[in-house]
Every structure is written in structure tokens, then in C-alpha cells.
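Remarks on the overall topology
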Amino acid sequence: QAFCTHRGVVKSSPSPVRAMPATINVRPDGVGVLTMDSPPVNSLGTELVTSFKQEFPKLVNDPKVKAIVVTGKGNMFCGGAEITEFAIMVAMGPEKMKENNPVAALSEMMDMIDASPKTVVAALNGPALGGGGEVSLACHYRVASPQSSVGFPEVKLGLLPGAQGTQRLPRVAPLPTAMQMILQGNPLNAQAAKKNGIVDVVASKDVIEEAADFALNHRPAPISKREVHKTNRFMVAAGGLEQGLNTAVNAAPLMIAPRAIIKCFEAACSNKSFREGLQVEMEQFTNLVFSVESAALRHLFLSERLAQKVPGIDEKPAPLKKIGILGAGLMGGGIAMCFIQKGVPVVLKDAKQEWLDAGVKKIESMWAGQAKKGRLSKEKFKEYMGLLKPSLDYADFKDVDMVIEAVPEIMDLKKEVFLDIEKNTKPDCLICTNTSGLNIDDIAAVLKDPSRVMGTHFFSPANVMQLLENVRTAKSSVKTLATGMAMGKLINKKCVMVGNCDGFVGNRMIAPYAGEAKMLWEEGGTVEQIDKAATAFGMAMGPMALGDLVGQELFWKQRKAAGDMNKQTKTYFGPYELTDWLCELGRFGMKTPDPSIKANGRGIFIHRGRDKTVDPEVVAKLDEVRKAKGVTPRPVSDEEIVERLFYPLINEGFKILEEGFVARSSDIDLAYIYGYGFPPSKGGPMFFAENYVGFQKILERLKVYDAQAKERYTKNSAYLPIDYFVPSKLLEACAAKQGTKVFPGQTLIDVVLKDFRKSHDGAGPFSKL
């Protein structure tokens, strides 16, 4: 939209004239007040910056104005730069940006404030974030309301404060604080900001009144004219910046912004002038804004906004005043905590008193642990427990607005509890299932009104994991789906809407990744090498460690229940021999201790505390499996491991898109970042495919590996057939269009997808939306 507006594409109906985003007024005491008014967060878009630069000089030049206060409208001082404008900046290219730098306008605004001959005080009426923090530092002083905060979260977008923040903050704050704020993106509340020299006064009454009084009684004191404190210079000389960089890199090893930030701090604390430091800052900012890592993080930021806009979901959600949870296990208890922590009463039901008691005890112990560490007050702890009503009786669901069942993954059990829920809830109560793989349409079919059903696939532990896959069934009403999305927002989940296919989005895509990890192992890769290749790529953990964490028995039990140990679905693939052997021995991973060897978990690894080593018995068993299947191990390169783990995963994402089981590629990226440990700096699997590798290379390598797989399972009957290397038709269409320019903020995948869906019928609900 920003692109269309800037290019003047939308010409049909003129927009209504709105007030200037920066307004001024002069108080009776002679203090001029400039208010930034650009809802919802007073972001520093082109309009606001232009307006500010027009209005501020009027106060400087007005002889009736003795001093100036800068503040924000509403509960926000300023939320920083307008992220959507970065895409336009990048589209200009580095050379064009040198000629017409959008950030230069913001820097000019800071210079204008800084150079004012009249005292300028920032009245922080709320959070001052990113560019908002820089506006406050351009002012001569800062008076903050108690609820305000100052922060520089740019590093989380792969950037640095590019409007003089890296040069101003070390001139007022201790270097460790400046590093914490800019290198790690951690904000400070008003009191902490005052303690660290960033804020001059925390207001006890009206913040604008106190800021005006302060301005009238203090001379101008621009930060640009202040020397960096000797202590900060000494810390830099003593290696303090290296320590800060190591901390940041250990937390996010693939990020490039921390190194650029360090260069800016070095400039600030050196013998360079303020202006020379700004040149370093602009150079580093420009490098970052054109980096693929920053593009990935900005894509992720905008993807979160976009995910809430589900095609076809245009009804107002129903209110959620009380929630029912069926199943008091780890999952059900975690879901209950999410709602209670938002002040929503929960009825937690289970079938047996001992199960219910164990579930309540687990919830209580987690909150008690937080209270013991000072993260939760005793009053809040008591309030939380008061919102939890344990029950053995379905009748206690009579007045809830939504029930989420979290019982074991057994179809007949799911159908049975759905009927019980229906009998005991009001007609407009939503009935949701937390299933991770069962067909929700089949579950919903037992109800008189299946339109009140949708899937709510939480990830365990639900009170910690951020992802929520909301699943749209064939008969889910628009009201039901709108309420499900509003529910995710209420409890602060990263929420994506997906279609009802096998494994939904996340688990369907992870299946070929897990299958290839086992295949690479049999062919000659070691457990350590495979996991190390995945973590070097940026994954939170490798596929082998993940198997032990989730439990090796999950799909073993499902195949046993189906009576077919060679069964493969979209959510699990062979080879099975080694992991089935582990399961027959009761070695499921971290959840199965083995006291005989003093292990608190045993599967592929032997787990002792936080340490793990590959079980020698597993290595010996693998040799047996290889001999039985006639496999001679060969060296496997790290490059091959990465390609065979991630390219079929990406290919499956393309198939999900082409079938219409998800609306857009960024929803897949969101799911993988927040649910599966995909590295944020790579933007998610679909962004990675488009911007890091290229569709043509992925297509070419998939064809190679598909041919190898076919040769393997056609010539060796010990192997099961697989089709996850067969290229997606949508991937082929994207490869044919590789290199095509798209508008800023768009992805080529979604541009191609729009045309693809016009000529292809898919089984999913988004295929024609």
C-alpha cells in the first residue's frame, strides 16, 4: 500500500484530507508544544518527518515561544521508523539511495532539534522506541511519565539506530547499558532510564506540565556537544565492546547487525568528532539495510501483521469471556495458563481426579516457581489460581464461550468427547481440537453443527511456545474462524490460519526433513555431523536431537495402531529399522531414563543432565541395519546434508501453497520461525528459497536427489518409496519466473501463486480465495 501511495497508483478516489501529523500550539507560559500524531504508534513515516520539519521551525522563530516540548499523541511517544518504507528504500538501490537518502531526512530532523537555540524537552508520554528513542535523544532533556520506556529494537530487524542513536546514547548512558539497549534490543523503563542518565526526570504528575516547567528553567544542552564519558572510553580500551559482541553473537550467531553496531560504538568512543561518528553510523546502516539478513527480519516483522489478515474472514469475532479446557495434561495445562495470564477464567476438566490433581499441581508449581524468582507477585499468583476452576463434570462447561480439547490422539476418543462437549455447552460455544494430525472434518462430523468447530494446534509447552496453527475445516463458519484468530491474538500467539491437510503446515513439512536425516545416517553421515550441519545452518537443534526431544515412539505407536509398520503418510517417512528397534527396547529419548547407566534419558543419545552422547549400542545397531540392507557407508558432505534436509522441506511448502492449504508463503515462514526453530536471519523456508538460494538451484538439486531416491527404492526392496523430492509445480513456475522484479514488500512466490491459482484447482480452502 505504501508503494502504491508513493507511486501514485491509486488515483480513483482521493483520500480524505487529514490533519498534519505534527501539530503545534503555544501555551500561556510561552512553551511551544509539538505533538507527533501519526496513529497507531506515531511512527516516523515520510509524512510525519516532513510535517515535523515544517512545524518545528515555527516554534523556534516565534518570539512568543520561550522553550519547546516535543511529545506524542495518545499513549505512545513514538514507535520509530515506518518499516514498510524500508522496502521502497531497498528498491531504490544503493546508488540511488546515496542521491536521495530517506534516512537523511530523519537525521536532518534530529539536527534541527539538537541545534535549537531554545531549550527542547522530550515529554515521554509513553514508549519511545527506535527512531522515537532517537527523537528523545535529539532533544536537550527528557522528562518521562512513569509508564514510559526507552528502547532501540532495531537489531531485531537486522539494523541499527540509523538516526544518530549510536552516537548519542554513549554520550549520556554507561557503555554496558548502551550495549544492552542497542546490541540486544532490551528497553528500559522510566526509572531505569533515569538511573542510567538517559532520562532527566520521572514525572510525578502531568508529564507535559513538568516538561514545560523543566524547559523554562534549563538552558539548551545538546547531546551532540557533550563528550563521551571517560569511563566509557576506558571500557572500550579495555575490551568491553568485544565482550558485548561475544554475548550478542552467542545469542544470535548468524546476525550481522551486532558487528556493525560495535563499529559505531567504537567511533563514538574514539577521538572522532560527533559528525565523523555519524558518517560511520550511516555507512553501517546502509550496509545493513541492503543485507539479506535484515530483509529476512523485516519480512518476518511484516509477516506477523499480514497473518492476521485471513482471506475471506471478515466477520466480527465472538467475545471470549470464559474458556473450557478438556484434558489437564502438559498441553491442556499449558493452554489454560495462556488464558488465565490474560485474565480469562478457565474451567479445566479431566476424566479422573488424580489426573486433574496432577494437572493443577503442575500449573501451580510453574507459577510458584515464577513467584519464587520474583517474576510474579504473590497477589498475581493468588489471582491466577482464583481464575482456574478444576472440574470432573462436563456441566461446568455450560457457560463457556470456547472449549479446547487436548485429549490423546485417538480418533474414537476425540469423537466421544466432542459429543459430550456438545451436550453440555451453549449452541454458540466454539468447540476446538488441539489435534496435531487427525482429520478434523471427521471429528466435527459427529456434531449437529460442525460450523462451530476448528482446529487450534498449540505447540508444547503451550505456555512457552509462540506458534498457534488455527485450522480451517470444510464447514467452519467465518464467525468461528474470526474468533479463533482473535483468540490467538488475545493470548499473544503468532497465529497462522491453515487448511485441514495431513500434518497441517509445520508437521507436514518437517516429515521429509526427519526422513532424510535418517537416510543420510544410513548412507554414511554420522549423528554428530548431521546435527552439526543443521545447527550451523541456524536451526535451534539438529534433527537427531529433535527426535529424542519429541519422542521416537510417536509415529511408531501410530503405525502399530494402524497394523502396518511400513506405513508412510505426509507426516512420517522411513527408514524405520533403527528407531523401531529403539522403541521396542523402550528407549524413546529424553522422556525415558535408564537408571542402569545413570542416564536421565535414552534414545539415539544417552542424556545425562544437559550433556548427551551418541549411544554406542545405537552405532553398533546401525552397522547391523546397513549390512542387512546391503548398504556400504560413504562420506557425506555438509553441503549434501543441508540440501537433503531443507530442499524437500521447502518443496513440501510449495506443494501446500499450490494445493491451497495456506494463504501465502509468509504464513509458512512465520510457522517455521516460531514453531520449529528455523533461523530468523534466513526469514523462513520460503524466504530462504527465494532470497538465499534461488528457485532454479533448488529445482535442479531436487531432480538429482529424486533420481537417486528412485534408484535406491527400485533396486533395493528394503527401502520404501518416497515422493518428497518430486518437484512442486508451483516451484517449477517460480523457477521459470526467477529474476522477475516485483513491487517492494511483495514476494515472487506470492505473485506467481496468484496466477497459478487461477489456472489450477487445489483441494485446500485458499485455492480460490
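Residues numbered from 1 in each chain as written. Predicted model: local features only at pLDDT ≥ 70, side-chain atom pairs only at ≥ 80, totals over all residues. Heavy atoms only, no water.

1. Describing the nonpolar core
Applied cut-off: In this description, a nonpolar core means a group of buried Ala, Val, Leu, Ile, Met, Phe, Trp, Tyr and Cys residues linked to one another through side-chain atoms lying within 4.5 Å. Burial classes: relative accessible area under 20% of the type maximum marks a residue as buried, over 50% as exposed, and values in between as partly exposed (1.4 Å probe, protein chains only). Numbering goes from the N terminus for both helices and strands, where a helix is a DSSP run of H or I of at least four residues and a strand is a run of E of at least two. Throughout, a residue-residue contact means that at least one pair of heavy atoms, one from each residue, lies within 4.5 Å.
Judged by nonpolar contacts, the single largest core of 93 residues is most densely connected at Trp521, Phe654 and Phe695. Among the elements that line this core, the one with the most residues is helix 27 (residues 638-659), at nine residues. Those residues in contact with Phe695 that lie beyond four places of it in its chain are Phe654, Ala689, Glu690, Leu731, Cys734, Ala735, Gln738, Leu748 and Ile749. Grouped together as the second largest cluster of nonpolar side chains are 73 residues, Ile83, Val120, Leu160 and Val172 included.

2. Looking at the environment of Pro543
Its place among the elements puts Pro543 in helix 23 (residues 543-550). Placed 118 residues apart in sequence, Pro543 and Phe661 show a C-alpha to C-alpha distance of 25 Å. Residue contacts for Pro543: discarding those within four places in its chain leaves Tyr513, Ala517, Ile530, Asp531, Ala534 and Leu645.

3. Examining the sheet that holds strand 10 (residues 323-326)
Test applied: Here, a strand pair is defined by DSSP locating no fewer than two bridges between the strands. All axes are obtained by fitting lines to C-alpha atoms, using only the stretch in contact for helices, and the reported angles, taken between N-to-C directions, cover 0 to 180 degrees.
With mixed pairing, the eight strands of this open sheet are ordered in space as 12-11-10-13-14-15-16-17. Single-partner strands in this sheet number two, and they are strand 12 (388-391) and strand 17 (494-499). Neighbour-to-neighbour, the strand axes of this sheet turn through a mean angle of 25 degrees, independent of strand direction. Relative to strand 13 (residues 402-405), strand 10 is paired through four bridges, and the arrangement is parallel.

4. Describing the sheet that holds strand 2 (residues 31-36)
Taken in spatial order, the six strands line up as 1-2-3-4-6-9 in an open sheet, and their pairing is mixed. Single-partner strands in this sheet number two, and they are strand 1 (22-26) and strand 9 (201-202). With five bridges joining them, strand 1 and strand 2 adopt antiparallel strand pairing. The residue of strand 2 that forms the bridge with Ile24 is Leu34. Taken strand by strand, helix 9 (residues 207-216) contacts strand 2, strand 3 (67-72), strand 4 (120-124), strand 6 (141-144) and strand 9, and its axis lies near 165 degrees from that of strand 4.

5. Some points on the environment of Arg559
With respect to the element layout, Arg559 can be found in helix 24 (residues 553-562). A residue is classified by how much of its surface remains accessible, and Arg559, at 2% relative accessible area, is buried. Each C-alpha atom of the pair Arg559 and Lys73 lies 60 Å from the other, and the pair is 486 residues apart in sequence. If we skip the residues at most four places from it in the chain, Arg559 touches Asp564, Met565, Lys567, Tyr572, Tyr576 and Asp580.

6. Section: empty space enclosed by the protein
Put simply, the rule is: Only protein atoms enter the 1 Å grid used here. Points where a 1.4 Å probe fits but cannot escape make up a cavity, open sets with protein on both sides within 12 Å along at least five of seven lines make up a pocket, and a residue lines them when an atom lies within 4 Å of a point. Grid points are joined across faces, edges and corners, and a volume is the space filled by probe spheres set on the points. Three residue categories are used. Nonpolar comprises Ala, Val, Leu, Ile, Met, Phe, Trp, Tyr, Cys and Pro, charged comprises Asp, Glu, Lys and Arg, and polar comprises the others, including Gly.
A complete count under the given rule lists one cavity of 30 Å³ or more for this structure. In terms of lining, the largest cavity is formed by Lys518, Trp521, Glu522, Pro575, Tyr576, Glu577, Leu578 and Thr579. Of all elements in the fold, only helix 21 (506-523) and helix 25 (577-584) reach the threshold of two or more residues within the lining of the largest cavity. Partitioning the lining of the largest cavity into residue classes produces four nonpolar, one polar and three charged.

7. Here we look at the packing of helix 30 (residues 695-715) against helix 31 (residues 729-736)
For the record, the criterion: Our angle categories are set so that under 35 degrees counts as roughly parallel, over 145 as roughly antiparallel, 65 to 115 as roughly perpendicular, and the remainder as oblique. We call a crossing left-handed when the near helix sits turned anticlockwise from the far one by less than a right angle, and right-handed when that turn is clockwise.
At a closest axis distance of 8 Å, the pairing of helix 30 and helix 31 adopts a crossing angle of 135 degrees. Put simply, helix 30 runs oblique to helix 31. Like other packed secondary-structure pairs, helix 30 and helix 31 cross with a definite hand, here left-handed. Taken together, the residues of helix 31 that come into contact with helix 30 (itself represented by Phe695, Gln696, Ile698, Leu699 and Leu702) are Leu731, Glu732, Cys734 and Ala735.

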